[in-house]
Amino acid sequence: MGSADDITDPAANVNKKRSSSEDVEENPALHASGPANTGPATSSTPSKPSKKRPKETKNVYCLSRHPLYRLMKKLSEDAYAKSGDQFEFHYNDLVQILIKIKSALSKEPPLVRIAPPVVIVGDIHGQFNDLNRMLDTFGDREMDVPGVLRKNFVFLGDYVDRGKQSLEVIVYVFIMKILFPTQVFLLRGNHECKPINRVYGFMQEMQERFDKNEGNNLFHMFNEAFTHMPLACLVSGVILCMHGGISPRLTSLDEINKIPKPLVDPNSNELACDLLWSDPMIGLKGFKPNAIRGVSVHFGEDVLHSTMAELGVKLIVRGHQMMMNGFNFFGNQRLVTVFTAASYYPDRANRGAVLHVDESGCMGFHLLSPHSGGGEKVFRGDVEDSNKYDTGYTLSVADEKTRYSVDQFQ
């Protein structure tokens with residue numbers, strides 16, 4: 001059974017995964033060269049000097065006795081992390097995790113701050129395989145050292161919905177946050193909102209994997225935890241991260257911290273709504289209502305630059321939109337969209353990406369190659385159709401001339 005109390009100790013686990021180099025692309029030709037850089041850009045970060053490994057090994061030894069760490073190790077086994085099998089979670093274990101994560105998230109302000117080295121992770125959408133592929137690139141499997149002991153992590157939201165392992169993804173990152181509260185920050189995405197994850201797959205997954213009462217209780221408890229998530233993160237005082245984008249209401253960083261928490265309905269607060277939902281648009285001047293999504297705004301390069309100057313930041317990192325190469329720049333490389341779920345649409349076979357910022361401010365992308373195989377992918381939930389306008393590139397004013405169906409573009 002999958003209880004956190006009866007999981008095999010990591011030392012006894014001989015089910016070693018293959019090297020992450022088989023499915024992760026280093027991309028030295030694609031670098032952030034915008035003003036946030038303070039040195040030569042790099043797509044990878046050298047391993048820590050060997051003299052520090054004894055400390056890491058000691059930390060792993062201490063962690064290995066923690067039931068939640070053992071659960072993380074169990075979830076990382078090939079059956080769940082590669083083959084896509086669903087882990088048999090115990091209801092009571094999940095309740096305890098949710099109590100702990102709610103307590104941890106409730107202590108954080110709407111705007112959190114973190115220092116490099118940091119890995120910024122985009123949308124995952126229930127693709128547990130990609131979460132593990134990404135984490136493997138920053139750890140040391142031979143020394144059994146997880147990446148979280150070497151880097152800080154900022155997740156941009158949209159952990160659940162669409163994919164078939166939303167529960168594995170959200171439980172794993174919640175455990176990361178519980179065990180490493182000052183090294184891991186989990187921002188809220190628009191899919192961490194009950195009206196969205198009720199119809200895009202997460203509620204259906206709860207109902208399929210638990211009996212009716214347990215599934216409903218867990219669905220509501222997860223969404224209660226989501227209401228405590230921060231909405232933005234400031235890296236080194238100059239890189240602003242959020243799920244969606246900027247807002248007409250974003251006149252200072254202090255405005256973000258004025259957003260009340262817990263926030264049940266982000267749409268009740270204009271700034272919060274935009275931080276979760278807004279999108280850049282090529283060729284646009286100023287802000288305009290986002291007719292594609294039916295909520296929030298589109299913003300142009302001019303207001304992006306003026307807002308960043310007012311905030312005193314040099315780069316904005318956001319998720320929210322699938323990008324064919326895993327990332328895409330906007331506004332003279334002042335904003336970058338990062339999307340981590342690879343092969344989100346099989347017919348478009350996008351890469352996944354994460355952004356790494358080292359101690360000196362140098363930035364580079366780690367790419368996840370598209371999944372092999374193919375075949376039709378059916379999204380979970382009541383809304384199973386893919387969005388034909390989700391092209392993998394930043395939209396332009398000309399694109400908006402087409403009439404969009406609002407409920408196709410969530």
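### Let's talk about the pairing of strand 4 (residues 152–155)
Then, in step 1: Burial along strand 4 is two-sided: N152 and V154 and F153 and F155, pointing in opposite directions, are all buried.
Then, in step 2: Note that strand 4 and strand 5 (residues 184–186) share three bridges and pair parallel. Bridging from a neighbouring strand, F155 pairs with L186 of strand 5.
Then, in step 3: Note on the crossover from strand 4 through helix 6 (residues 166–179) to strand 5: the handedness is right-handed.

### So, the state of the cysteines
Then, in step 1: Summed over the entire model, instances satisfying the criterion amount to zero disulfides.
Then, in step 2: With no disulfide of its own, C193 lies closest to C273 among cysteine sulfurs, the gap being 9.0 Å.
Then, in step 3: Using a relative accessible area of 6% as the deciding quantity, one classes C193 as buried.

### Examining the packing of helix 4 (residues 91–106) against helix 6
Then, in step 1: For the pair helix 4 and helix 6, interaxial distance at closest approach is 10 Å and the crossing angle is 50°. The pairing of helix 4 with helix 6 is recorded here as oblique in orientation. The hand of the helix 4/helix 6 crossing is left-handed. Contacts between helix 4 and helix 6 pair L94, I97, L98, K100, I101 and L105 from the former with L167, V171, F174, I175, K177 and I178 from the latter.
Then, in step 2: Taken together, the residues that form the contact of helix 4 with helix 6 break down as ten nonpolar, no polar and two charged.

### Digging into unusual backbone geometry
Then, in step 1: Cis geometry is found at the peptide bond from P116 to P117, where omega equals 5°.
Then, in step 2: Relative to the elements of secondary structure, P117 occurs in the loop between strand 2 (111–114) and strand 3 (118–121).
Then, in step 3: A cis amide bond links K261 to the next residue, P262, at an omega of -5°.
Then, in step 4: Assignment of secondary structure puts P262 in the loop between helix 10 (253–257) and helix 11 (270–277).
Then, in step 5: Phi angles above zero are rare outside glycine, and H125 is one such case at about 50°.
Then, in step 6: Within the secondary structure layout, H125 lies in the loop between strand 3 and helix 5 (128–136).
Then, in step 7: Even without being a glycine, N332 presents a positive backbone phi close to 60°.
Then, in step 8: If you trace the backbone, N332 turns up in the loop between strand 12 (327–330) and strand 13 (335–338).

### Observations concerning the sheet that holds strand 12
Strands belonging to one sheet form pairs held by backbone hydrogen bonds; the direction of such a pair is parallel or antiparallel.
Then, in step 1: Read across the sheet, six strands follow the order 2-6-7-11-13-12 without closing on themselves; strand pairing throughout is mixed. Unpaired on one side and paired on the other, strand 2 and strand 12 mark the two borders of the sheet. If you compare each strand with its neighbour and ignore which way they point, the axes differ by 20° on average.
Then, in step 2: With three bridges connecting them, strand 11 (residues 315–318) and strand 13 associate as parallel partners. Looking across to strand 13, one finds that V317 is bridged to V336.

### Focus: the packing of helix 5 against helix 6
Then, in step 1: At a closest axis distance of 9 Å, the pairing of helix 5 and helix 6 adopts a crossing angle of 35°. Between helix 5 and helix 6 lies a crossing of left-handed hand. Every residue of helix 6 that contacts helix 5 at F128, L131 and L135 is listed here: E168, V169, Y172, V173 and M176.
Then, in step 2: Split into classes, the residues belonging to the contact of helix 5 with helix 6 amount to seven nonpolar, no polar and one charged.

Reading the values: rules and limits
- Residues numbered from 1 in each chain as written.
- Predicted model: local features only at pLDDT ≥ 70, side-chain atom pairs only at ≥ 80, totals over all residues.
- Heavy atoms only, no water.
- Buried < 20%, exposed > 50% of the residue type's maximum accessible area, 1.4 Å probe, protein only.
- Helix = DSSP H or I, 4+ residues; strand = E, 2+ residues; numbered from the N terminus.
- Pairing = 2+ DSSP bridges.
- Right-handed = clockwise from strand over helix to strand, strands pointing away.
- Disulfide = S-S within 2.5 Å.
- Axes fitted to C-alpha atoms, helices over the stretch in contact; angles between N-to-C directions.
- Parallel < 35°, antiparallel > 145°, perpendicular 65-115°, else oblique.
- Left-handed = near helix turned anticlockwise from the far one by under 90°.
- Contact = heavy atoms within 4.5 Å.
- Nonpolar A, V, L, I, M, F, W, Y, C, P; charged D, E, K, R; others polar.

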